Amino acid sequence: MTMENVLPVISRQQAAESEATVDIDRLVARARAGSKPAFEALYRENASRIHAVCLRLAGDRNIAEECVQETFITAWQKLDGFRGESAFSSWLYRIAVNTVMGWFRKQGRRDRHIRPVEEGEWERFEGETSDTGIGMDLEAAISRLPEGARTVFVLHDVEGHRHDEIAELTGIAVGTSKAQLHRARRLLRERLEQ
Amino acid sequence: MNCETFNDRLDDWLDDELKATDARALQVHAAECPACHAQMTIARRLQREAFALPMTNEPARDLWPEIAARLEPRGMQGNRKWLHALAASVAVVAVFAGGMLASRVLLQGDADIAPRLVERSQQTELPSLADARRILPASYVELIDAAAPANASGTEQALLRNLLLVNLAIRDIETAMSEDPANADLRELLTGLYAQENRILAQAERMRAARPAPVRTTI
Amino acid sequence: MNIARNNLIFAITFVSALVGGTPLAGERIDQTLDVPAAGTVSIENLAGSVTVSVWDRNAIRVEGELDDRVERLEFENDGSFTRIKVIYPHQRGGDVDGTHLDITVPAASRLEIDGVSSEVDVHGVTGRVRVDTISGDISADGAASEYALESISGNIRLQGTGDDARIKAATISGDIRLGNAQGELEVSSVSGNVQVSDSAFTRIEAANTSGDIDITGKFADGGTFRFKSISGDVTLRFVEAPSGIFDITTFSGGIDNDFGPEPQRTGKYAPGMELKFREGDAETSFRVNTLSGDISLQKE
C-alpha cells in the first residue's frame, strides 16, 4: 500500500485510479466520520455512473442533475446505515434509482416536461429537430418514451436487471414491468424502422 | 405460427422465456416470413444497442459545489458536544505565560476561515470503543475482532480506538487541506497519518494470521 | 568452546497435564546449551515474562516456570541460531497465567523476542535487541548497537544504549521512555507519550498523533531532526547551545521558544504559527510540524 494513494483534493483521474476496495473503505470511513473531502472523492468516483443512470431514467438533463445532487445528499445523510454489505457504488445506485422514482412521484402525472402519452405517441420538447434519417439516436429516443415504459426499459435492457429486481428497486409489479418493457420495445422498434 | 403470434412472442423470445418448442417455431416462421424476419432483426439490434450504451455519462457541469453546500456537518455525538461546551466557555485561549503569548482560536462548524479542528484539551481523549465500532468500516472492525481475542487485555480496544483517532485526524487534516490545498505541512502530516493507519492495520493483520484457526483442524 | 556446525536438535518436552490426574502447578526448568558468542537468539513466549541477562560464557541458560497449559518448551540450537519457544496446544481457551523465563545469554547476542502479552526485560546485551509485544511492557538497558522495540499497548522503556546505536521504538497506545540513549532514533506512537532524556542523537524521526513528544538532550551538529504530531505537544529541550536551521510550524497550536525570533502568524486569517530561523553556524536541521499540538523550544 502506498502512503499517498488518496489526496484530499482529488482529480477525477486520481479518483478513478483509486480502485482498490481498501481505498474506498477508507474514504467511506472518513466520510462517515465527517470528512467532506473524502466524500468528494467518493462523489468523483461515482458521479458519472450515477448521472448516467439518473439521466436515462429521468429523460431530462435538469431533472437528472437535481437527482444526482439529491442522491449524494441522501447518501451523506444515510452513511451511518451503510455497513459494507454491498459495494458502496451499488448502494449509491439504489439510492439513485429511488431518488428518480421519488422525484416522479412528487411531480405527479402532469408536468411541464413530461406529458402522459398515448400508445404510439411521442413527446416533443421545445426546439426538438426532426429525425435526421436512418441513424437514430437511441438515447434521445429512450428519453422520449413515456415515463413508466422508459423506467423499465432502462433498468431492464440498458442496465440489465431482471423483472424481479426491477420490482424490488421501483415498487412496480412484475407483471406491469413486463408489459411496460414490451411497450417500450415496440415504440422504439417503430422508431428504428422509420 | 402466424405473424400475429410471432409478434406476441417476440419479446419473450428475446428474454429467453419461451419454451424450446415455441422458440423453435418462432425461428422457423422468421426464416419463412421476410416481414417477421425484419422485425426480429430490428428487435435484436435494439437489444444489443441498448445493452451497449455507455455506463457513464459525465454531468455537463461540476455538481460538487452545490452538493457540498447542502451537506450538513457529520460527526460523533460526543465530540460535537464536547467542542460546543468548550466553545461556550473559551473563545480565545492564551496558552503560554511568561514568554510569547500565542492565542489559539477555537473554531467550529463550517467557518469559511478555517475548518473545525480536533482541539486538544488537557489530555486528548481517545474516542470511545462504541464510536470506533460505529464509525469505522465493517471490514476494519472485523479484522481487529479476528486479530485480538476478547481476553487480550484491552488490545482490541486499543487497536479500534486508536484507528478511529487516526481516521478522525485524517478527516481534520483533509478538511484543513480542502481550504488550503497547497499546504505542504498539512500534506506531510497527512502522509504520516496514512503510515500510522497502515501500521495499525498491518499489526492487526499479523495478529490475525498468527491466531490458531477457530475451527478445529486435524494436523 | 567450539560449537559443531550441526548441533543436535535438543528438544525438551514436558507434559503439563496428566491424563486423569490433577495438572501440575507449573513445571520448573533449568537447561543450558552451548552457543556461539554472537549468535542469534529467538525467544517466543505468548504470556508471562521473559527476562534476559548476560554473562561471559558462550552458552545460553533457560530457567523458569512453565504455565500449566504449556505443551512443551522448545530449546534448540543450530549453529549460530538458537530458538527458545513456549508452545501451547492449538485448542487453547481461557486465560493463560503465563510462563516466566529467565534467560542468560552471551552479551554479544542478537535477540529477537516475541512476547504478545509477556513482559520483556533485557539487561546488558551488546549485540542487537529486537522485541515485539502486543500488550506486554518492554524494558531494556545495556549497550547494544541496535534496538527495535515495538508494542501495541505495552509501555517501552530503554535505559542506556551502545554508542551510536540505531534505535527504533514504536507503540500504538503505550508510552515510550528513553534515557541515556545515543545515536539515531526513530520513534512513533499514536496515543502514547514519548519522553526522552539525557540523550544525544545524530538523527531523530519522531511522530505521534495525540501523544506528546518530549525530548531533552544533545543534537549533534549536521544532524537531521524531524518531529511530527497532530494534537500532541512537542517539546525540545537543548542541553547545549542550540545551533542550526529551525523550521517550526503548527496549523492551530502555539509556539513558545527560549531562543530565536518571535513566532509569526502563518496568515492573516489562518490560526497557525510558524517560526523559521537560523541560530549559530551548524548545518543541523530541525523541523517540527503539528496540527494543533503546542511546540516548545527550551534551553536547559
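Residues numbered from 1 in each chain as written. Chains lettered and ligands numbered in written order. Predicted model: local features only at pLDDT ≥ 70, side-chain atom pairs only at ≥ 80, totals over all residues. Heavy atoms only, no water.

1. Digging into the overall build of chain A
Then, number 1: A count of helices and strands for chain A gives nine helices and zero strands.
Then, number 2: Ordered by position in the sequence, the α and β elements of chain A form the string α-α-α-α-α-α-α-α-α.
Then, number 3: Per-residue burial over chain A gives 58% buried out of 194 residues.
Then, number 4: Sequence separation of 24 or more characterises 60% of the internal contacts of chain A that already satisfy a separation of 6 or more.
Then, number 5: Carbon together with sulfur atoms contributes 48% to the accessible area of chain A, which is approximately 8700 Å² in total. (Helix = DSSP H or I, 4+ residues; strand = E, 2+ residues; numbered from the N terminus. Buried < 20%, exposed > 50% of the residue type's maximum accessible area, 1.4 Å probe, protein only. Contact = heavy atoms within 4.5 Å. Areas by Shrake-Rupley, 256 points an atom, 1.4 Å probe, with all protein chains shown as cover.)

2. Here we look at the overall build of chain B
Then, number 1: When you go through chain B residue by residue, the secondary structure sums to nine helices and two strands.
Then, number 2: Each helix and strand of chain B, ordered N terminal to C terminal, gives the series α-α-α-α-α-β-β-α-α-α-α.
Then, number 3: With 219 residues in all, chain B has 44% of them scored as buried.
Then, number 4: For chain B, the share of sequence-separated contacts (at least 6 apart) that also reach a separation of at least 24 residues comes to 59%.
Then, number 5: Looking at chain B as shown, the accessible area adds up to about 11400 Å², and 55% of this sits on carbon and sulfur atoms.

3. Some details on the packing of aromatic side chains
Then, number 1: All told, the structure shown has 20 aromatic pairs over all chains when counted by the stated rule.
Then, number 2: A centroid spacing of 5.6 Å and a plane angle of 40 degrees characterise the contact between Phe88(A) and Trp91(A), whose relative ring orientation is tilted. Separated by three residues within a single helix, Phe88(A) and Trp91(A) lie in helix H5 (residues 88-107), roughly one turn from each other.
Then, number 3: With a centroid separation of 6.0 Å and an interplanar angle of 65 degrees, the aromatic rings of Phe259(C) and Phe277(C) are classed as edge-to-face. Taken together, the residues Phe259(C) in the loop between strand E22 (255-257) and strand E23 (264-265) and Phe277(C) in strand E24 (residues 273-279) connect sequence positions 18 residues apart. (Phe/Tyr/Trp six-rings, centres within 6.5 Å; stacked < 30°, edge-to-face > 60°.)

4. Structural notes on the pattern of salt bridges
Then, number 1: On inspection of all chains with the given rule, the structure shows 48 salt bridges over all chains.
Then, number 2: Close ionic contact of Asp145(B) with Arg133(B) constitutes a salt bridge, the shortest N to O distance being 2.9 Å. You can see Asp145(B) sitting in helix H7 (residues 138-147) and its partner Arg133(B) sitting in helix H6 (residues 129-135), a full 12 residues away along the chain.
Then, number 3: Given a relative accessible area of 29%, Arg133(B) falls into the partly exposed group.
Then, number 4: Among the ionic pairs, Arg278(C) bridges to Glu283(C), the shortest N-O distance being 2.9 Å.
Then, number 5: Owing to a relative accessible area of 54%, Glu283(C) belongs among the exposed residues under this scheme.
Then, number 6: Overlapping salt bridges, with partners in common, bring together Asp157(A), Arg185(A), Arg189(A), Asp11(B) and Asp15(B) in one network. (Salt bridge = Lys/Arg side-chain N within 4 Å of Asp/Glu carboxyl O.)

5. Here's the deal with the nonpolar core
Then, number 1: Core analysis: the biggest nonpolar cluster contains 65 residues, and Val52(C), Ile84(C), Ile103(C) and Phe227(C) have the highest contact counts within it.
Then, number 2: Within the second largest apolar cluster, 63 residues are counted, among which are Val68(A), Trp103(A), Phe153(A) and Leu53(B). (Core = buried A, V, L, I, M, F, W, Y, C linked by side-chain atoms within 4.5 Å.)

6. Concerning the interface of chain B and chain A
Then, number 1: If you look at the interface, chain B gives 60 residues, while chain A gives 61 residues.
Then, number 2: Summing both sides of the interface, chain B and chain A together bury roughly 5800 Å²; the carbon and sulfur share of this comes to 55%.
Then, number 3: Elements supplying a minimum of two residues to the side of chain B that touches chain A: helix H1 (3-14), helix H3 (34-51), helix H4 (64-69), H6, H7, helix H8 (155-179) and helix H9 (184-210) of chain B.
Then, number 4: A per-class count over the side of chain B that touches chain A returns 29 nonpolar, 11 polar and 20 charged. (Buried area = accessible area lost by both parts, 1.4 Å probe. Nonpolar A, V, L, I, M, F, W, Y, C, P; charged D, E, K, R; others polar.)

7. Points about the packing of H7(B) against H9(B)
All names here are of chain B.
Then, number 1: Close contact between H7 and H9 brings their axes to 7 Å; oriented N to C, the two are set at 45 degrees. Judged on the interaxial angle alone, H9 and H7 are oblique. As H7 packs across H9, the resulting crossing turns out to be left-handed. Contacts between H7 and H9 pair Tyr140, Leu143, Ile144, Ala146 and Ala147 from the former with Glu197, Leu201, Ala204, Glu205, Met207 and Arg208 from the latter. (Axes fitted to C-alpha atoms, helices over the stretch in contact; angles between N-to-C directions. Parallel < 35°, antiparallel > 145°, perpendicular 65-115°, else oblique. Left-handed = near helix turned anticlockwise from the far one by under 90°.)

8. Focus on the pairing of strand E16 (residues 176-179) of chain C
Residues and elements named next belong to chain C.
Then, number 1: In this sheet, E16 lies alongside strand E14 (residues 156-159) in parallel orientation, the contact comprising four bridges. Directly across from Leu158, in E16, lies its bridge partner Leu178.
Then, number 2: The pairing of E16 with strand E18 (residues 194-208) spans four bridges and is classified as parallel. Looking across to E18, one finds that Gly179 is bridged to Ser197. (Pairing = 2+ DSSP bridges.)

9. With respect to helix H4 (residues 61-78) of chain A
All names here are of chain A.
Then, number 1: Taking 1.5 Å of rise per residue, 18 residues should cover 26 Å, and H4 covers 25 Å from first to last C-alpha, within 8% of that figure.
Then, number 2: Every buried residue of H4 is accounted for by Ile63, Ala64, Glu65, Cys67, Val68, Gln69, Thr71, Phe72, Ile73, Thr74, Ala75 and Trp76.
Then, number 3: By the N-cap criterion, in which a side-chain oxygen at the helix start approaches the backbone nitrogen of a residue two or three places on, H4 is capped by Asp60, the distance to Asn62 being 2.9 Å. (Expected span 1.5 Å × (residues − 1). Polar contact = N/O pair within 3.5 Å; in protein donor to acceptor, adjacent residues only side chain to side chain.)

10. A closer look at unusual backbone geometry
Residues and elements named next belong to chain C.
Then, number 1: Here Asp164, not a glycine, exhibits a phi torsion of approximately 50 degrees, which is positive.
Then, number 2: Relative to the helices and strands, Asp164 resides in the loop between E14 and strand E15 (165-170).
Then, number 3: Even without being glycine, Asn180 reaches a positive phi, approximately 60 degrees.
Then, number 4: Its place among the elements puts Asn180 in the loop between E16 and strand E17 (182-188).

11. With respect to helix H8 (residues 163-170) of chain A
Along an α-helix, residues three or four apart share an orientation, since each turn contains 3.6 residues.
Then, number 1: Within the sequence span of H8(A), burial applies to His163(A), Ile166(A), Ala167(A), Leu169(A) and Thr170(A).
Then, number 2: Just past H8(A), the residue Gly171(A) takes up positive phi, approximately 85 degrees.

12. Some remarks on the side chain of Thr151(A)
Residue and element names in this part refer to chain A.
Then, number 1: Looking at the secondary structure, you find Thr151 in helix H7 (residues 147-158).
Then, number 2: Look at Thr151 and you get buried, because its relative accessible area is 2%.
Then, number 3: Excluding residues within four positions of it along the chain, Thr151 makes contact with Leu57, Met101, Thr170 and Ile172.

13. Some details on the confidence of the model for chain B
Then, number 1: Looking at chain B, the pLDDT average stands at 73 and 71% of residues meet or exceed 70.
Then, number 2: This prediction of the complex comes with two scores: 0.65 for pTM and 0.82 for ipTM. (pLDDT = per-residue confidence, 0-100.)

14. Describing the pairing of strand E20 (residues 234-238) of chain C
Residues and elements named next belong to chain C.
Then, number 1: Taken across its five residues, E20 has four buried, putting it largely inside the fold.
Then, number 2: Of the strand pairs in this sheet, strand E19 (residues 213-229) and E20 are connected by five bridges, and their pairing is parallel. Each residue of the ladder has a partner; that of Thr216, found in E20, is Arg237.

15. Some thoughts on the side chain of Asp11(B)
Then, number 1: Within the secondary structure, Asp11(B) is located in helix H1.
Then, number 2: Overall, Asp11(B) belongs to the buried group, its relative accessible area being 1%.
Then, number 3: Separated by 3.4 Å, the side chains of Asp11(B) and Arg189(A) make a polar contact.
Then, number 4: The contact partners of Asp11(B), leaving out residues within four places of it in the chain, are His182(A), Arg185(A), Arg186(A) and Arg189(A).

16. Some remarks on the packing of helix H2 (residues 20-32) of chain B against H3(B)
Residue and element names in this part refer to chain B.
Then, number 1: Taken N-terminus to C-terminus, the directions of H2 and H3 make an angle of 120 degrees; their axes are 6 Å apart at the nearest point. In this structure, H2 meets H3 at a crossing whose hand is left-handed. Contacts from Leu26, Gln27, His29, Ala30 and Glu32 in H2 reach Pro34, Cys36, His37 and Met40 in H3.
Then, number 2: When its residues are assigned to classes, the contact of H2 with H3 shows five nonpolar, three polar and one charged.

17. Focus: the confidence of the model for chain A
Residue and element names in this part refer to chain A.
Then, number 1: Of all residues in chain A, 73% have pLDDT values of 70 or greater, and the mean over the chain is 76.
Then, number 2: Mean pLDDT values for the elements of chain A range from 37 in helix H1 (residues 12-17) up to 95 in H4.
Then, number 3: In this model, residues 1-22 is a region of pLDDT below 50 whose contacts with residues beyond four sequence positions or in other chains number 38 contacts.
Then, number 4: Note that pLDDT drops below 50 for residues 110-135; the model gives that stretch 36 contacts with residues more than four away or on any other chain.

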